[in-house]
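Structural description and commentary
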Amino acid sequence: MESTIAKLSEEYLEQFQSASGNGNFVSDTSVQILAPSKSPRSQESHHGKHESSKGNPMNHDQNSHSEKMGIYEKVNSHYALYKAAAGGSDGKGILGGLLDTGDGFLDPNDPNNDFSEGDDQSNTGEVQKLFADYKKKATVIVEEYFATDDVVATANELKELDMPRYNFYFLKKLVSMAMDRCDKEKEMAAVLLSTLYSNVIDPPQVYKGFSKLVESTDDLVVDIPDAVDILAVFVARAVVDDILPPAFLNKQMESIPKESKGGEVITRADKVYLSAPLHIEIVERKWGGGKDKTVDDVKAKINDLLKEYVVSGDKAEAFRCIKDLKVPFFHHEIVKRVLIMAMEKLKSEDMLLDLLKETAEQGIINSSQMTKGFSRLIDGIDDLSLDILSAKEILRSYISKAASEGWLCASSLKPISLQQENRVEEDAARQFKIQVHSIIQEYFLSGDILEVIEGLQLENKSCSPELNAIFVKKLITMAMDRKNREKEMASVLLSSLCFSVDDFVHGFLMLIEAAADTALDIPTVVDDLAMFLARAVTDEVISPQHLEEIGSQCTGQGALGSKVLKLAQSMLGARLSGERILRCWGGGGSSKPVWAIEDVKDKIGKLLEEYESGGELQEAFRCIKELGMPFFHHEVVKKALVAVMEKKNERLWNLLAECYTVGLITPNQMTKGFSRVAKSLEDLALDVPDVEKQFDHYVSKAKALGWLESSFSVNTPVYAVEN
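Residues numbered from 1 in each chain as written. Predicted model: local features only at pLDDT ≥ 70, side-chain atom pairs only at ≥ 80, totals over all residues. Heavy atoms only, no water.

Some points on the overall build of the protein chain
Condition: A helix here means a DSSP run of H or I that spans at least four residues, while a strand means a run of E at least two residues long, and both kinds are numbered starting from the N terminus. Here the term buried applies to any residue with accessible area under 20% of the maximum for its type, exposed to any over 50%, and partly exposed to those in between, with areas from a 1.4 Å probe on protein chains only. Between two residues, a contact is recorded if the distance between any of their heavy atoms is within 4.5 Å. Using a 1.4 Å probe, accessible areas were evaluated by the Shrake-Rupley method; residue-level cover was limited to the displayed protein chains.
In terms of regular secondary structure, the protein chain is built from 39 helices and zero strands. Expressed as a percentage of its 723 residues, the buried residues of the protein chain come to 49%. Partitioning the contacts of the protein chain with sequence separation of at least 6, the portion at a separation of at least 24 is 73%. Summed over all atoms, the accessible surface of the protein chain reaches about 34800 Å², with 50% contributed by carbon and sulfur.

Laid out in structure tokens, this is it:
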């Protein structure tokens, strides 16, 4: 058998000699074919030692390359015959080196060979050498980044390597090194990845890098005992930062063995971190991110440096301050604020625009961030026009100037609309937005719902559905940028308004359409919007069917809209969802007690009994207000009406009349209360035989008093609040 191998070697060495035209190459190849086997590590060293710039197969023309590859295939074919004749082989022995060198003779179908670190061209020595060089340089870059925390320098060094197809390894190295360090380095790694995404590291490389990390979890655990949890946070952070698609989790679970540690990473990222309430804030602050440098802090520093620049005119100092912020991924905020400040301070317009121009020319603000800043201002130009009437015209002139000077790609911007987004007359809508902003601010201070309703009636005398939708959008947007107290107050106010369901649906659609832009200022917009939607369904402001309608109409709003709807539906589908959602922001605001639903029902029953037995009207009003749950006043209506029919005593009917007159019980809550009674008539008939006749009588009286719409009937649908 050995003589056969020798004969094959001599025959094909002659062909190698002819194909390569280089005696050194033949000499090296003969050593590799006939030498005893070596480990992959020793072979890599051997390869690096004998690699020469001459005779490299990658440097020949295509025909020469194809000819040699044909010879390589013949050698591999004969070697396969040898293995079969020998009764199988583990790749060791006389031809062992043939499998271990990685110099172009590896069989891609042999399970003993690992191509995990390379790509489809890793069967060439030149590619392996390039990849080995890249690994060394990438490691140095990561070490320097952890020492300097200079995001811009790191990005530039990675660009200078000019080997984008290996960037997956940089990601893998960055994360694996950060995992064995302190929280500071972990946070630095997450920030760097978010910055490099798309601009330096292509999305497929990010996806591939995280795949490699998950696959190598079993090895990482050997040196880092808590590697599963740390890597799960990195994966969750990548999803939250929108550099990994959520589908990554499902695809990884399908491709890796269930018993592997990688499976534990994906499960933990999904179940522990990404499924938790307020998961975005939890994940972002896991390693201290956002504690020392919040978005508000950065915005304040940007404002300060721009004000100082306007006063001093010192560009060098402004550049230094921008660099010191170390948030290149947030430079679009600088662009946006410079443009707004230029519009507000026309005397400093040229100075501010010149600052933007030089930051672009010196690479301090890259083209992507510059475009994003202009785009954000375009998205909010209608609101800005409320304060600066000529904002649209001024912004157009800025875009034209920047494009002509070469520091902005105007073709990548969407056109500035000449018409108001809504179908309402522009001036009326503009004035309405100004007024309701003040109304909502006053409401957050006073908590007076009646004052809000009166203010809305004055500002929207025609009860325009478009203006009602604008109010819904404005209320929720302002609440999302505040604390839980204001979020709770906003939900309570929504349930007390007499808007039509269509008005609420339109308002939520407008919110979802603007979610992408809102997310730049309010990172938790998906969670907040989903909770507002779920709360609206629980409070019967909209029905589950309307939630589906919103979902069908916002299919074109991208990933954020889909996330909002799915999260809202999952909240509503959970066990005891009604009580949980009612308590999501503390119930009744931070200054009021949080009641369980059964406690509220019990308190309502007692206050009605007290009033019926001779209590005072003002005391009854006080007790109802102290509940702090105006969205649950339909229960007052229901219990009072049932007591009136059971006891044939209209004292409680008079209480309902007084509550309606002063606005304590709204028409919406009155309708809900009557509807709930209508649904329970069959049960009530067991104790009150003539209950249906009595109910018809009181429905007629309620319609005559204006409490109910004339179209109300016993069959009017009502969506029950979960108890």
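Regarding the nonpolar core
Using the following cut-off: Buried Ala, Val, Leu, Ile, Met, Phe, Trp, Tyr and Cys residues that are joined via side-chain atoms within 4.5 Å together make up what is termed a nonpolar core.
Ranked by size, the top nonpolar core spans 62 residues in total, and within it Tyr134, Phe170, Leu174, Met179, Phe210 and Phe234 carry the most contacts. In terms of residue count, the dominant contributor to this core is helix H12 (residues 227-240) (12 residues). Leaving out residues up to four positions away in the same chain, Leu174 has contacts with Val142, Tyr145, Phe146, Ala189, Leu192 and Leu193.

Considering the packing of aromatic side chains
Applicable threshold: Ring geometry is summarised as follows: Phe, Tyr and Trp rings, the Trp one being its six-membered ring, pair when their centres sit within 6.5 Å, and such pairs are stacked at plane angles under 30 degrees, edge-to-face over 60 and tilted between the two. Any Lys NZ or Arg CZ that is within 6 Å of a ring centre and within 35 degrees of that ring's normal is treated as a charge sitting over the ring.
Taken as a whole and judged by the stated rule, the model has 19 aromatic pairs. An angle of 40° between the planes, with centres 5.7 Å apart, marks the rings of Phe499 and Phe504 as tilted. Taken as a pair, Phe499 and Phe504 share a single burial class, namely buried. Following the ring pairs from residue to residue traces out a cluster consisting of Trp653, Tyr660, Phe674, Phe695, Tyr698, Trp707 and Phe712. Geometry around Phe168 places Lys208 over its ring, the cationic atom sitting 4.3 Å from the centre.

Some details on helix H14 (residues 261-274)
Definition in use: To estimate the expected span of a helix, subtract one from its residue number and multiply by 1.5 Å. Bend, at a single residue, is the angle you get between axes fitted to the 7 residues ending at that residue and the 7 residues starting at it.
Between the first and last C-alpha of H14 there are 18 Å, a value that for 14 residues agrees with the 20 Å anticipated at 1.5 Å per step. The axis of H14 is deflected most strongly, by about 30°, at Arg268. The complete set of buried residues in H14 reads Gly262, Gly263, Val265, Ile266, Ala269, Tyr273 and Leu274.

Focus: the environment of Leu684
As for its placement among the helices and strands, Leu684 is situated in helix H38 (residues 681-684). Residues Leu684 and Met645 lie 39 residues apart in sequence; the distance between their C-alpha atoms is 9.5 Å. Those residues in contact with Leu684, other than ones at most four positions away along the chain, are Val642, Met645, Glu646, Val677 and Val691.

A short note on the pattern of salt bridges
To keep it simple, the criterion reads: Each salt bridge in this description consists of a side-chain nitrogen of Lys or Arg and a carboxyl oxygen of Asp or Glu lying within 4 Å of one another.
Summed over all chains, the structure comprises 24 salt bridges. Taking the shortest distance from any N to any O, the salt bridge between Glu486 and Arg485 comes out at 3.3 Å. A relative accessible area of 14% means that Glu486 is categorised as buried. What makes Arg485 partly exposed here is its relative accessible area of 25%.

Quick look at the packing of helix H18 (residues 331-344) against helix H20 (residues 367-379)
Stated formally: Whenever a helix is involved, its axis is fitted only over the stretch in contact; in every case the axis is a line through C-alpha atoms, and angles between N-to-C directions fall within 0 to 180 degrees. Here roughly perpendicular refers to angles of 65 to 115 degrees, roughly parallel to angles under 35, roughly antiparallel to angles over 145, and oblique to all remaining angles. Crossings are classed by handedness, with left-handed meaning an anticlockwise turn of the near helix from the far one by less than a right angle and right-handed meaning a clockwise turn.
Their axes nearest at 7 Å, the elements H18 and H20 cross at an angle of 50°. Accordingly, the angle class assigned to the pair H18 and H20 is oblique. Between H18 and H20 lies a crossing of right-handed hand. On H20, the residues touching His331, His332, Glu333, Val335, Lys336, Leu339, Ile340 and Met343 of H18 are Gln369, Met370, Lys372, Gly373, Phe374, Arg376 and Leu377.

Notes on helix H17 (residues 315-325)
Short version of the rule: This arc is built from the directions going out from the helix axis to the C-beta atoms. Pairs of N or O atoms within 3.5 Å make up the polar contacts considered here, provided that, within protein, one atom can donate a hydrogen while the other can accept it, and that residues adjacent in sequence are counted only when both atoms are side-chain atoms.
For H17, the set of buried residues is Ala318, Phe319, Cys321, Ile322 and Leu325. In a view along the axis of H17, the buried residues occupy a sector of 160°, so they form one face of it. For H17, the exposed residues lying more than 90 degrees away from the buried face are Ala316 and Lys323. The N-terminus of H17 is capped by Asp314, whose side-chain oxygen sits 3.2 Å from the backbone nitrogen of Ala316. At the C-terminal side of H17, Lys326 shows a positive phi close to 55°.

Side note on the environment of Ile388
Assignment of secondary structure puts Ile388 in the loop between helix H21 (381-384) and helix H22 (391-405). Once residues within four sequence positions are removed from consideration, Ile388 is found in contact with Met343, Glu344 and Ile394.

Notes on a negative patch on the surface
As a reminder of what qualifies: In this analysis, a patch consists of residues with relative accessible area above 30% that form no salt bridge, clustered at 9 Å for like charges and at 5 Å for the nonpolar side chains Val, Leu, Ile, Met, Phe, Trp and Tyr. In summary, the charge assignment counts Lys and Arg as positive and Asp and Glu as negative, without counting His or the chain termini. We put the charge of a Lys on NZ, of an Arg on CZ, of an Asp on CG and of a Glu on CD.
A contiguous patch of negative charge, built from Asp180, Asp218, Asp219, Asp223 and Glu259, is present on the exposed surface. In this fold, Asp180 is placed in the loop between helix H8 (167-179) and helix H9 (183-196).

Section: the packing of helix H7 (residues 151-161) against H9
How we decide: When residues are sorted by character, Ala, Val, Leu, Ile, Met, Phe, Trp, Tyr, Cys and Pro go into the nonpolar class, Asp, Glu, Lys and Arg into the charged class, and all the rest, Gly among them, into the polar class.
Packing of H7 against H9 brings their axes to within 11 Å, and their N-to-C directions diverge by 55°. Classified by the interaxial angle, the pair formed by H7 and H9 is oblique. Every pair of crossing elements has a handedness; the one defined by H7 and H9 is right-handed. On the side of H7, the interface is formed by Val151, Thr154, Ala155 and Leu158, while H9 contributes Leu192, Thr195 and Leu196. Each residue belonging to the contact of H7 with H9 can be placed in one class, and the counts come to five nonpolar, two polar and no charged.

Comments concerning the confidence of the model for the protein chain
The criterion, for reference: Note: pLDDT gives the predictor's confidence per residue, expressed from 0 to 100.
Mean pLDDT over the protein chain stands at 76; residues scoring 70 or higher make up 76%. Per-residue pLDDT, averaged within each element of the protein chain, yields its smallest value for helix H5 (residues 96-100) (33) and its largest for H8 (95). Below pLDDT 50 for its whole length, residues 418-424 participates in 17 contacts with residues either more than four positions away or in separate chains.

A closer look at the environment of Val564
Looking at the element boundaries, Val564 is found in helix H31 (residues 558-573). Residue class for Val564 comes out buried when judged on its relative accessible area of 0%. A C-alpha to C-alpha distance of 4.9 Å links Val564 and Ala530, two positions 34 residues apart in sequence. Setting aside chain neighbours within four positions, we find Val564 in contact with Ile512, Val526, Leu529, Ala530 and Leu533.

Considerations on unusual backbone geometry
One non-glycine residue, Asp149, adopts positive backbone phi at about 60°. When you line up the elements, Asp149 lands in the loop between helix H6 (125-148) and H7. The backbone of Asp162 sits at a positive phi, close to 55°, despite the residue not being glycine. Topologically, Asp162 is positioned in the loop between H7 and H8. What makes Asp162 exposed here is its relative accessible area of 61%.

Description of the side chain of Lys336
Along the polypeptide, Lys336 turns up in helix H18. In this structure Lys336 comes out as buried when scored by relative accessible area, which is 17%. Once residues lying within four places of it in the same chain are set aside, the contact partners of Lys336 are Gly373, Arg376, Leu377 and Asp521.

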